[in-house]
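Single-letter residue listing:
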Amino acid sequence: MGALFPGLKALLNYHPLFVHFPIALWTAALLFELAARALKREEFDRTACAVLALGALAAVPAVFSGWSAQASVPDSGPANEIKELHENLMITASILSGILAAVGLFVLPRKPTAMLRAAFLAGLLVLCGLMAAGADRGALLVYHYGTSVDWSAAQKQQ
Ligand code: HEM
């Protein structure tokens with residue numbers, strides 16, 4: 001297994017395996033919703049709701065793997081503060097994605113009012129804003145603070 005996937009073997013936790021799915025799916029949901037508005041194509045709106053629901057499901061393993069990854073962050077100090085911000089942003093985004101997916105799948109098809117559709121689009125914009133800020137702090141943890149990097153292995157290889 002290690003010979004076939006040396007990158008996977010080198011991971012200190014499995015959070016990076018899961019995080020890119022909600023990021024991609026939430027972004028795709030926003031792009032489909034924008035396309036539905038711009039091109040007046042109802043089927044893009046339905047695709048946006050389906051993709052958003054998949055993103056909300058994909059957030060579940062991302063959140064749980066994040067909780068198990070936090071053992072690699074020091075208990076206090078600047079990296080811990082960034083971790084707390086990242087966690088709060090991502091949990092808020094995950095809950096919002098679930099609420100929006102429920103609205104998109106069950107409420108919008110029955111009550112497709114202009115006001116509800118505008119609120120749905122605004123919700124997707126807020127979701128992607130929270131996600132971008134949260135993912136940025138996740139990247140800061142890894143690429144600036146070196147969280148979850150095996151430094152002793154890295155130094156031996158260079
Ligand atoms: C939908 C939820 C979440 C997403 C999309 C997400 C996304 C990310 C991203 C993009 C990174 C940078 C890693 C990379 O570039 O591969 C990261 C790192 C990290 N995240 Fe999250 N995150 C989520 C939830 C959480 C939660 C709830 C925690 C709990 C504290 C957490 C803790 C961490 C930690 C400790 C790191 C540093 C790298 C590591 O240990 O793997 N994340 N996250």
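Above: the structure in question.
Here the structure is a predicted model, which means the values were calculated and not measured. (Residues numbered from 1 in each chain as written. Predicted model: local features only at pLDDT ≥ 70, side-chain atom pairs only at ≥ 80, totals over all residues.)

J.: How should I be thinking about the site of the ligand in this particular structure?
T.: With respect to spatial proximity, 28 residues lie near the ligand, and among them Val19, Gly66, Ala69, Gly138 and Ser148 are the closest. Mapped onto the shell around the ligand, the elements with two or more residues apiece are α2 (15-18), α3 (20-39), α4 (42-69), α5 (78-107) and α6 (114-143). Taken together, the residues of the shell around the ligand sort by class into 16 nonpolar, 10 polar and 2 charged. (Near = placed C-beta within 6 Å. Helix = DSSP H or I, 4+ residues; strand = E, 2+ residues; numbered from the N terminus. Nonpolar A, V, L, I, M, F, W, Y, C, P; charged D, E, K, R; others polar.)

J.: Can you walk me through the nonpolar core in this structure?
T.: Generally speaking, soluble globular proteins have nonpolar side chains that are buried together. Formed by 27 residues in total, the largest nonpolar core has its most connected members in Trp26, Ala29, Ala48, Leu52 and Leu127. Among the secondary structure elements, those contributing two or more residues to this core are α3, α4, α5 and α6. For Ala29, the residues in contact, after removing those within four places along its chain, are Ala48, Val51, Leu52, Gly55 and Leu124. (Core = buried A, V, L, I, M, F, W, Y, C linked by C-beta atoms within 7 Å. Buried ≥ 20, exposed ≤ 12 C-beta atoms within 10 Å, placed from the backbone. Contact = placed C-beta atoms within 7 Å.)

J.: Just checking my understanding: could you explain α4 for this structure?
T.: Two residues of an α-helix separated by three or four positions point the same way, owing to the 3.6 residues in each turn. Over its 28 residues, α4 extends 40 Å from the first C-alpha to the last, a length consistent with the 40 Å expected when each residue adds 1.5 Å. Every buried residue of α4 is listed here: Asp45, Ala48, Cys49, Val51, Leu52, Gly55, Ala56, Ala58, Ala59, Ala62, Gly66 and Ala69. (Expected span 1.5 Å × (residues − 1).)

J.: Teacher, can you tell me more about the packing of α3 against α6 here?
T.: Relative placement of two packed helices is described by the angle separating their axes and the distance separating the axes. Between α3 and α6, the least distance of the axes is 10 Å, while the angle of their chain directions is 150°. With respect to α6, the element α3 is oriented roughly antiparallel. The way α3 lies across α6 gives a crossing that is left-handed. Within the contact between the two elements, α3 uses Ile23, Trp26, Thr27, Ala29, Leu30, Glu33 and Arg37 and α6 uses Leu121, Leu124, Leu125, Leu127, Cys128, Met131 and Ala135. In terms of residue class, the contact of α3 with α6 is made up of 11 nonpolar, 1 polar and 2 charged. (Axes fitted to C-alpha atoms, helices over the stretch in contact; angles between N-to-C directions. Parallel < 35°, antiparallel > 145°, perpendicular 65-115°, else oblique. Left-handed = near helix turned anticlockwise from the far one by under 90°.)

J.: Could you clarify how one ought to interpret unusual backbone geometry in this entry?
T.: Excluding glycine, residues mostly carry a negative phi; peptide bonds, for their part, are mostly trans. Its identity is not glycine, yet Lys40 carries a phi of approximately 50°, on the positive side. Its place among the elements puts Lys40 in the loop between α3 and α4. Exposure remark for Lys40: the 9 C-beta atoms within 10 Å place this residue in the exposed category.

J.: Got a minute to help me understand the environment of Thr27 in this structure?
T.: Inspection of the secondary structure puts Thr27 in helix α3. Judged by the 17 C-beta atoms lying within 10 Å of it, Thr27 falls in the partly exposed class. Placed 28 residues apart in sequence, Thr27 and Gly55 show a C-alpha to C-alpha distance of 9.1 Å.

J.: Can you walk me through the packing of α5 against α6 in this structure?
T.: One way to put it is that α5 packs onto α6 with a least axis distance of 8 Å and a crossing angle of 155°. Considering their axes alone, α5 and α6 lie roughly antiparallel with respect to each other. At the point where α5 passes α6, the crossing takes the left-handed sense. In the contact of α5 with α6, the residues fall into 20 nonpolar, 7 polar and 2 charged.

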